[in-house]
Amino acid sequence: MKWIDEFRDGAVARQIAAQIAAEVRPDRRYHFMEFCGGHTHAISRYGVTDLLPDAVKMIHGPGCPVCVLPIGRVDLAIALALEHKVTLATYGDVLRVPASNGLSLLKAKARGGDVRMIYSAADALELARRTPRREVVFFAIGFETTTPPTALAIKQAAAEGLKNFSVVCNHVLTPAAIGNILESPEVRRFGTVPLDGFIGPAHVSTVIGSRPYEYFAEEYRKPVVIAGFEPLDVMQAILMLVRQVNEGRCEVENEFTRAVTREGNVKAQNLVAEVFELRKRFEWRGLGDVPYSALAIRGDYAAFDAEKRFALETKKVADNKACECGAILRGVKHPRDCKLFGTVCTPENPVGSCMVSSEGACAAHFTYGRFKDVAVRVGA
Amino acid sequence: MSKPVKSGYVRPLDLKHGRVDLTHGSGGRAMAQLIEQLFHEAFGNEILAQKNDMATFALPPGRVVMATDSHVVSPLFFPGGDIGCLSVHGTVNDVAMAGARPIYLAASFILEEGFPLADLKRIVESMAAAAREADVAIVTGDTKVVEQGKGDGVFITTTGVGVVEEGLAIAGDRARPGDRILVSGPLGDHGMAIMSLRESLAFATEIVSDTAALHGLVACMVDAVREPMRRDPARGLRVLRDPTRGGLATTLNEIAAQSGVGMLLDEAAIPVRPQVQAACEFLGLDPLYVANEGKLVAIVAPEDADAVLAAMRAHPLARDACAIGEVIADDNRFVQMQTKFGGRRIVDWLTGDQLPRIC
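What counts, and at which threshold
- Residues numbered from 1 in each chain as written.
- Chains lettered and ligands numbered in written order.
- Predicted model: local features only at pLDDT ≥ 70, side-chain atom pairs only at ≥ 80, totals over all residues.
- Heavy atoms only, no water.
- Helix = DSSP H or I, 4+ residues; strand = E, 2+ residues; numbered from the N terminus.
- Rg over C-alpha atoms; globule rule 2.2 N^0.38 Å.
- Buried < 20%, exposed > 50% of the residue type's maximum accessible area, 1.4 Å probe, protein only.
- Contact = heavy atoms within 4.5 Å.
- Areas by Shrake-Rupley, 256 points an atom, 1.4 Å probe, with all protein chains shown as cover.
- Lys, Arg positive; Asp, Glu negative; His and termini not counted.
- Charge placed at Lys NZ, Arg CZ, Asp CG, Glu CD.
- Disulfide = S-S within 2.5 Å.
- Buried area = accessible area lost by both parts, 1.4 Å probe.
- Salt bridge = Lys/Arg side-chain N within 4 Å of Asp/Glu carboxyl O.
- Polar contact = N/O pair within 3.5 Å; in protein donor to acceptor, adjacent residues only side chain to side chain.
- Pairing = 2+ DSSP bridges.
- Expected span 1.5 Å × (residues − 1).
- Bend = angle between axes of the 7 residues up to and from the residue.
- Axes fitted to C-alpha atoms, helices over the stretch in contact; angles between N-to-C directions.

A. Main features of the overall build of chain A. The helix and strand tally for chain A stands at 15 helices and 13 strands. The globule rule puts the C-alpha radius of gyration for 380 residues at 21 Å, and the 21 Å found for chain A is close to it. With respect to the three principal axes, the spread of C-alpha positions in chain A is 65 × 50 × 45 Å. Going through the 380 residues of chain A one by one, you find that 61% of them count as buried. Of all intrachain contacts in chain A linking residues separated by at least 6 positions in sequence, the fraction that spans at least 24 positions is 77%. As displayed, chain A has an accessible area near 15600 Å², and 51% of this comes from carbon and sulfur atoms. Looking at charge distribution, chain A has the averaged site of its 48 positive side-chain charges lying 5 Å from that of its 44 negative ones.

What follows is the structure, given as structure tokens:
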């Protein structure tokens, strides 16, 4: 296929792999975090790590919107569906996130809750237009990529004077999460998570641009290479990171120039700024409370803020004690280090959120890579 | 099936503007009329014409094969077919995957109150045409009507009966290390044709469903290796399956589990049309998990793979057939794939439904 196959070309991949192998220094190891679940998925799906020399280790980051959603927020969505009896619309992956009391939105739906899977914020808006007698609440999640469409839906609802549409805003900010990881005791003080650089987000960066990462490169001395979600993008980014490390550079480089500029999508940024404001703090699964890391709906659009309309309060709910999602999201542990992985916690019955989304580190490893953990006899 | 109706006293069904109502399922005159004027008219055959609640027939020699399949597709009409022909092909193919010739079908309809009779007529006529083309007779059936909101227009369950010749053992537990894995053509056409019409995803495409009856193809494949299969039970066709719901990935995992083996696929060899690949990319789906309704997977003893492949390619429904991998010994029963990119990964069971990416 035009414009896709070119980015998945095995021959080119082998060339880049040979280049990486030739340039890594024999006396050191390279630990890079791919922040985005999209990269985690691509790495697992195409078997990128099979092509890398042993010296290069990839650490999965927290950039999976479903994975970082704390239990309390899902509980809130379930309460909206079951107690407030609203029509709750949200993205498919959210439906399977385990919440309190053994519930999930999917199970709430089976108990009579009106829960709808939608593909875009515009679908939620359309649902509200079509069912004027139902309260339709859009449970919005995602990083900067999905935020502008939510902003647009709210603006449109306001323009049309829609009375039955509101939004629970769970939109979170990538730079805040990267900062949190870099400030975490594991990285900063104890050095338990060696981190030599980041592969920067693809789609998120099309919106926010490459500029926000410059701070991390300068302040924390960590190289960042923004990369597309295709496997060759990832390979190329790894080569660029290896070169930065070898040359002692800490810069923001852009491998994804076909879509990302330094300034990003200014129109989308303005739209987001018009509808949303920073929350003082927001709970992230795995990272805990992170200051100024999420967005709330501005006072001008308060009529569309479901948290205000239904007087909702988010309760803090502790994760399952044995679940290692937190440590995995911070890059401290690998999915296979978790006792629950693949036994109690599987994609069919996820205990932790990393097992829910296909972009989650646990789900990606279970789905594509678990054969590497067991001795497999190959051959007739 | 019904009591005779004296047609001269009965106002004919309004097949243009009429709608299904509860009386069509209540066992009275309206139901008898629907059955007579719509179903019998379309399916017409001697056994059905006897108007019994059951069908009585003798079968040719061989082992009897039976399969049943419920059809709940939405939308009911899609590029390349509709729920009617699909309900015939689905069951005919299930019977055929034993290497059998399907002969008779039973059809059961659950209709939703308010469903347009014109649409029902279209569906029933499509079923009749598909059955005629496949040379199977719909010989018994049932109709129920549910209240509005309790169905999705029409659900059709079909049950098929066929016969497989003695000495032909084709089953899901017979794959052995070394066997070759063949597919009859490009994957994912049906699923993406349906997906392109889904309300919230609608996109313009030329993809049409591949829905088709496969027993003719199966017969050609059996013919190609009948002799070696008779001589040696380890030879020839070992497993046949149509990769419908859950696609190729799910089908291969089922076979791996049943047979207690692993599989190793070569991604570069797996055929997918560029339009299907593009639509899947666009939605964040994997074509290996997308449904097919006119394709089959064959697991074949290595020495007979070329003969079977040649027979498949000579048939109009499998011109693009190809070998995509090999059965391997693996106690974990993993279906693995060598990626085009150069890595190796699992092609796992599907978890829930495939979901488009959100980020």
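B. View of the state of the cysteines. Residue and element names in this part refer to chain A. As enumerated under the stated definition, the model contains 1 disulfide over all chains in all. The disulfide that involves cysteine 64 links it to cysteine 67, with 2.3 Å between the sulfurs. When the S-S torsion is 65 degrees, as for the bridge of cysteine 64 with cysteine 67, the disulfide is right-handed. Taken as a pair, cysteine 64 and cysteine 67 share a single burial class, namely buried. Note on cysteine 325: no disulfide assigned, nearest cysteine sulfur contributed by cysteine 354 at a separation of 3.5 Å. Left unpaired, cysteine 345 is separated from the closest cysteine sulfur, that of cysteine 362, by 6.3 Å. Cysteine 345 sits in the buried class, given a relative accessible area of 9%.

C. View of the interface of chain A and chain B. In this complex, chain A contributes 51 residues to the contact, which on the side of chain B involves 33 residues. Taken together, both faces of the contact between chain A and chain B bury some 3600 Å²; the carbon and sulfur share is 60%. Summed over the shared surface of chain A and chain B, the number is 3 salt bridges. Glutamate 281 of chain B is paired through a salt bridge with arginine 8 of chain A; the nearest N and O atoms lie 2.7 Å apart. If you look at where chain A meets chain B, you find 6 residue pairs in polar contact (both at pLDDT 80 or more). Those elements giving two or more residues to the side of chain A that touches chain B turn out to be helix 1 (10–23), helix 2 (37–46), helix 5 (121–130), helix 11 (231–247) and helix 15 (361–369) of chain A.

D. Highlighting the pairing of strand 8 (residues 237–241) of chain B. Residue and element names in this part refer to chain B. By the criterion of burial, strand 8 is predominantly enclosed, with 5 of the 5 residues buried. Where strand 8 and strand 10 (residues 297–300) come together, 4 bridges link them in antiparallel fashion. In the strand pairing of strand 10, valine 239 is matched with isoleucine 299.

E. Seen up close, helix 6 (residues 215–231) of chain B. Residues and elements named next belong to chain B. Its 17 residues give helix 6 an end-to-end C-alpha distance of 23 Å, which sits within 8% of 24 Å, the value for a rise of 1.5 Å per residue. At valine 225, helix 6 is bent by approximately 60 degrees, the largest bend along its length, and proline proline 228 sits one to four residues beyond. For helix 6, the full list of buried residues reads His215, Leu217, Val218, Met221, Val222, Val225, Pro228 and Met229. Of the surrounding secondary structure, the elements contacted by the buried residues of helix 6 are helix 3 (83–96), strand 4 (101–112), helix 4 (117–134), strand 8, strand 10 and helix 9 (305–313).

F. Structural view of the sheet that holds strand 7 (residues 197–200) of chain A. Residues and elements named next belong to chain A. An order of 2-1-7-8-9 is seen for the 5 strands of this open sheet, with the pairing classed as parallel. Every interior strand has two partners, whereas the edge strands, strand 2 (56–63) and strand 9 (252–254), have only one. For this sheet the average axis-to-axis angle between neighbouring strands, irrespective of direction, equals 25 degrees. Sheet topology places strand 8 (residues 224–226) next to strand 9; 3 bridges connect them, and they run parallel. When the bridges of strand 9 are listed, valine 224 appears paired with valine 252. Relative to strand 1 (residues 30–36), helix 2 is tilted by about 120 degrees, and along the sheet it contacts strand 1, strand 2 and strand 7.

G. Local environment of helix 7 (residues 247–259) of chain B. Residues and elements named next belong to chain B. With 13 residues, helix 7 extends 19 Å from end C-alpha to end C-alpha; this agrees with the ideal 18 Å at 1.5 Å per step. The buried fraction of helix 7 amounts to 10 of the 13 residues, a majority that puts the element mostly inside the structure. Those residues of helix 7 lying buried are Gly247, Leu248, Ala249, Thr250, Thr251, Leu252, Asn253, Ile255, Ala256 and Ser259. Buried residues along helix 7 sit against strand 7 (180–183), strand 8, strand 9 (262–266), strand 10, strand 11 (322–328) and strand 12 (335–338). Glycine 260 occupies a position one or two residues after helix 7 and carries a positive phi of about 65 degrees.

Function cannot be read off these values alone, since they describe shape.
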